[in-house]
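Residue-level structure breakdown
The chain contents come next:
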Amino acid sequence: MADLFGDDAPSAKAGTAGGSGADSDWAPLADQLRPRDLSEVIGQEHLTGPAGAIGRMVAAGKLASMILWGPPGTGKTSIARLLAASVGMRVVSISAVFSGVADLKKAFAEADKMAGAGQKTLLFVDEIHRFNRAQQDGFLPFVERGTVTLVGATTENPSFALNAALLSRAQVLILERLSHEALEALLTRAETLEGPLPLTTDARAALIASADGDGRFLLGQAETLYNAKLPQPLDPAALGAFLQRRVAVYDKDRDGHYNLISALHKSLRGSDPQAALYYMARMLTAGEEPLYVLRRLVRFASEDIGLADPQALTQCLAAKDAYEFLGSPEGELAIVQACLYLATAPKSNAAYAAQKASFRAARETGSLMPPANILNAPTKLMKDIGYGEGYAYDHNSEEGFSGDNYWPDGMEPMTFYEPVERGFERKVRERIAYWDKLREAKS
């Protein structure tokens, strides 16, 4: 069965806060500290407590199929094991990484046989998102008949990773990354078993921060420190030199990618340069492709700034050229500069709104012909049928403005672009108002 924090590990005698005795000393520290019941699971009280979804199911003595969704090292596997024990069910555990259709068929056949003998089965599927859509469909009849109670674990957003039919038959329960307090409690359990960690107070805080909410990682680092038999406590600098740097948790294909780019975009829109820099740094330090970030900045320049500051788009394109010219890490400063420019620029979505409105009008009006007087007439036939006839050349008009009608016959003029009273668009708004006044005078 898997350990407290999600990965499969050799079975060991269940540990306590004070240790489990000599016969589990060979096991990894995380395995020795596995909880014996749901009350010992750290950091997920919103689910396992009396008012939580899992707590209520256990109190009722009846489990429903569920998907446990959360970051690595937050207790998904341990919760599944303890669920089965809490209601007296047999548990069958498989991993979608190593199992296939044959393993599923075997598990379902055994569950059918045990059901006939009055024994219910909890089927725990780790990394359930790795099964393809057809394989996921294979669960449906057995879940519907109650042959198994399915508990799936995934680090990926079920909305993307699992098909709708399976989601409709299982409740999605969200596990939270472990807080600083939860990780502190976990280290305290480890120290009760193994003794004080060879760390200063500041280094201990740095170790907890490096775990990024992952309890399994934290215990793995603690075990490394214990095994080293260090002669004196390490300070933060010495700890950083002793332990390899942890790469930030960031799934570029799923939630981390979309969540952080959304946070960056919203921070830019909200004119918060500090938050925008933070989220951009999160992405770049975790390995996001810098050109992807630059593409999103270019998009933002047009969508959320537009003509309120025409230099915004120029700044982004210049940052792209600078990054391609310099490469990493020197070129990343140009990305920072573009990010700061966007965050501190006046904002307007007038161009974005105009795009949507004009595209909608174009689809709705079809192929209306423009007025003949504004059409070119490169052939005699086109001249004969009136193309270009009566066109007013604006440069020959007073104020360089003819006030002519440019809309198709039978279509009333529409307003798509409405500049805001911010930045350069304030000047644009004044120009449009001036031309509208001249147009009214000429009509």
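Note that the coordinates shown come from a computational prediction; the quantities given were computed from them, not determined experimentally.

Describing the layout of surface pockets
Its volume calculated, the second largest pocket comes out at about 570 Å³. Lining of the second largest pocket is provided by 19 residues; of these, Met414, Thr415, Ile432, Asp436 and Arg439 occupy positions nearest its centre. Classifying every residue of the lining of the second largest pocket gives eleven nonpolar, three polar and five charged.

Regarding helix α19 (residues 350-365)
It helps to recall that an α-helix has 3.6 residues per turn; residues three or four apart then point in one direction. With 16 residues, α19 ought to run about 22 Å at 1.5 Å a step, and its terminal C-alpha atoms sit 22 Å apart, in line with that. Among the residues making up α19, those that are buried are Ala350, Ala354, Ala357 and Ala361. Relative to the axis of α19, the buried residues are bounded by an arc of 75° and lie together on one face. Among the structural elements, α21 (425-442) are those in contact with the buried residues of α19. Two residues or fewer past α19, Gly366 is found with a positive phi of approximately 70°.

Quick notes on the confidence of the model for the protein
Per-chain confidence: the protein averages 87 in pLDDT, with 91% of residues scoring 70 or above. Looking across the protein, the model is least confident in helix α13 (residues 236-242), with a mean pLDDT of 86, and most confident in helix α18 (residues 332-344), with 97. Segment residues 1-24 is flagged for pLDDT under 50; beyond a separation of four residues in sequence, or across chains, it makes 72 contacts in the model.

A short note on helix α10 (residues 180-194)
With 15 residues, α10 ought to run about 21 Å at 1.5 Å a step, and its terminal C-alpha atoms sit 21 Å apart, in line with that. For α10, the full list of buried residues reads Ala182, Leu183, Leu186, Leu187, Arg189, Ala190 and Leu193. Down the axis of α10, the smallest arc covering the buried residues is 155°, so these residues share one side. Where α10 ends, the next residue or the one after it, Gly195, has phi of about 100°, a positive value.

Comments concerning the packing of aromatic side chains
Tallied over the entire structure, the rule returns seven aromatic pairs. Members of the aromatic cluster, each reached through a chain of ring pairs, are Phe108, Phe131, Phe139 and Phe142.

Description of a nonpolar patch on the surface
On the surface, Tyr391, Tyr393 and Tyr406 cluster together into a nonpolar patch covering about 320 Å² of accessible area. Looking at the secondary structure, you find Tyr406 in the loop between α20 (380-384) and α21. Judged by relative accessible area, Tyr406 falls into the partly exposed class, the value being 35%.

A look at the pattern of salt bridges
As a working rule, side chains carrying opposite charge can pair if their charged atoms are close by. Overall, the coordinates contain 17 salt bridges when judged by the stated rule. A salt bridge links Arg269 to Asp304; its shortest N-O distance comes to 2.5 Å. A residue pair is termed long-range when its members are at least 10 positions apart, and Arg269 in helix α14 (residues 255-269) and Asp304 in helix α16 (residues 290-305) qualify at 35 residues. For Arg269, a relative accessible area of 36% translates into the label partly exposed. Under the relative-accessibility criterion, Asp304 is labelled buried at 6%. Of the charged contacts, one joins Lys320 and Asp321 as a salt bridge, the two residues approaching to 3.1 Å between their closest N and O atoms. Residue Lys320 is classed as partly exposed on the basis of its relative accessible area of 29%.

Describing the environment of Arg34
The topology assignment puts Arg34 in the loop between α1 (29-32) and α2 (45-48). Separated by 41 residues in the primary sequence, Arg34 and Gly75 place their C-alpha atoms 9.5 Å from one another.

Rules used in this analysis
Residues numbered from 1 in each chain as written. Predicted model: local features only at pLDDT ≥ 70, side-chain atom pairs only at ≥ 80, totals over all residues. Heavy atoms only, no water. 1 Å grid on protein atoms, 1.4 Å probe; cavity = no way out; pocket = protein on both sides within 12 Å on 5 of 7 lines; lining within 4 Å. Points joined across faces, edges and corners; volume = space filled by probe spheres on them. Nonpolar A, V, L, I, M, F, W, Y, C, P; charged D, E, K, R; others polar. Helix = DSSP H or I, 4+ residues; strand = E, 2+ residues; numbered from the N terminus. Expected span 1.5 Å × (residues − 1). Buried < 20%, exposed > 50% of the residue type's maximum accessible area, 1.4 Å probe, protein only. Arc of directions from axis to C-beta. Contact = heavy atoms within 4.5 Å. pLDDT = per-residue confidence, 0-100. Phe/Tyr/Trp six-rings, centres within 6.5 Å; stacked < 30°, edge-to-face > 60°. Patch = residues over 30% accessible without salt bridge, like charges linked within 9 Å, V, L, I, M, F, W, Y side chains within 5 Å. Areas by Shrake-Rupley, 256 points an atom, 1.4 Å probe, with all protein chains shown as cover. Salt bridge = Lys/Arg side-chain N within 4 Å of Asp/Glu carboxyl O.

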